[in-house]
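# Notes for the structure review
This is what each chain is made of:
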Amino acid sequence: MTAYKPGDPTTINRLYGRAKGKPLRQGQQGLVDRLLPQIAVPAEGAVTAERLFGHDCPLHFEIGFGGGEHMAGRADMLPDHGFIGAEPFLNGVAQALTHVDGDNGTRPPLPNVRIHHGDALEVLQRIPDGSLSFLYLLHPDPWPKARHAKRRMMNDGPVDLFAAKLKPGGEFRFGTDHAIYLRHALMVMRRHTDQFEWLCDKPQDFQKRPGGWPETRYEAKARNVYGHEVWYFRFRKR
Ligand SMILES: C[S@@+](CC[C@H](N)C(=O)[O-])C[C@H]1O[C@@H](n2cnc3c(N)ncnc32)[C@H](O)[C@@H]1O
């Protein structure tokens, strides 16, 4: 991937795969029609806490939230923080809207979530530098073939962008269950040690789920159905 140059979107490739799966159920379609426009990230212009939530607050950003379990879980834990999630897969967005809407009445709706149905990097570029307290990249698409390695989200261009958008002391959380991706990601992050410090006390730390890290559906399936190990990383922006 070409190195990310601020303000030059041509330096970021389109990374995502399929955008639509099974037809949505009626309730899900209703949420896409009614709730999504109310909580969508504006299509243009700067993306700030004031603009999205009407006041300053710590900002979190999740890349490719899948069904939105982690994003909704975090937003429920931290009601005074603002959460932005981006996901191009419509069925995932519909699932996330169910969580934001209160999981069919099992919990109150989440007022602190905004969603972008599309490419995370497009929105990330519109967030002013040094604004994010947390950035999450959980089980990114592995693109396991070597010739597709440039499509992986974890690459120098996006990682430079992550570094630019996080505040000093902000946290980048990355999780994967894919051994090829793990090796690739660690090699990429070794090239960014001037920007990120790996938060790890003991070697086993990356094998244990840190507190405040809700499990995603994808992660649960990787572990319970495929018997995969899952690896967790926290990097602090210097
Ligand atoms: C393997 S899934 C994992 C989903 C979720 N993070 C989880 O752990 O359950 C990877 C997700 O990344 C999304 N994705 C891929 N490229 C993306 C991009 N450029 N911006 C936002 N999401 C992206 C895909 O649509 C997919 O839902």
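If you're wondering where the values come from, they're calculated on a predicted model, not measured in any experiment.

## Overview of the site of the ligand
Lining the immediate surroundings of the ligand are 18 residues, of which G64, E87, D119, A120 and L138 lie closest. At a separation of 2.8 Å, a nitrogen atom of the ligand approaches a polar side-chain atom of D119. Contacts to the ligand include L138, whose backbone N or O atom sits 2.7 Å from a nitrogen atom. Relative to its unbound accessible area of 600 Å², the ligand is 91% covered by the protein chains.

## Structural notes on the nonpolar core
Residues F61, L124, L135, M154, F162, F172 and F196 are the most contacted members of the largest nonpolar core, which totals 37 residues. Examining the composition of this core, we find that 5 residues originate from one element, helix 7 (residues 179-190), more than from any other. Apart from residues lying up to four places away in sequence, M154 is in contact with L137, V159, F172, F174, Y181, H184, A185, V188 and M189. Listed in part, the 26 residues of the second largest apolar core include F65, A72, A94 and I115.

Conventions and cut-offs
Residues numbered from 1 in each chain as written. Predicted model: local features only at pLDDT ≥ 70, side-chain atom pairs only at ≥ 80, totals over all residues. Heavy atoms only, no water. Near = heavy atom within 4 Å. Polar contact = N/O pair within 3.5 Å; in protein donor to acceptor, adjacent residues only side chain to side chain. Areas by Shrake-Rupley, 256 points an atom, 1.4 Å probe, with all protein chains shown as cover. Core = buried A, V, L, I, M, F, W, Y, C linked by side-chain atoms within 4.5 Å. Buried < 20%, exposed > 50% of the residue type's maximum accessible area, 1.4 Å probe, protein only. Helix = DSSP H or I, 4+ residues; strand = E, 2+ residues; numbered from the N terminus. Contact = heavy atoms within 4.5 Å.

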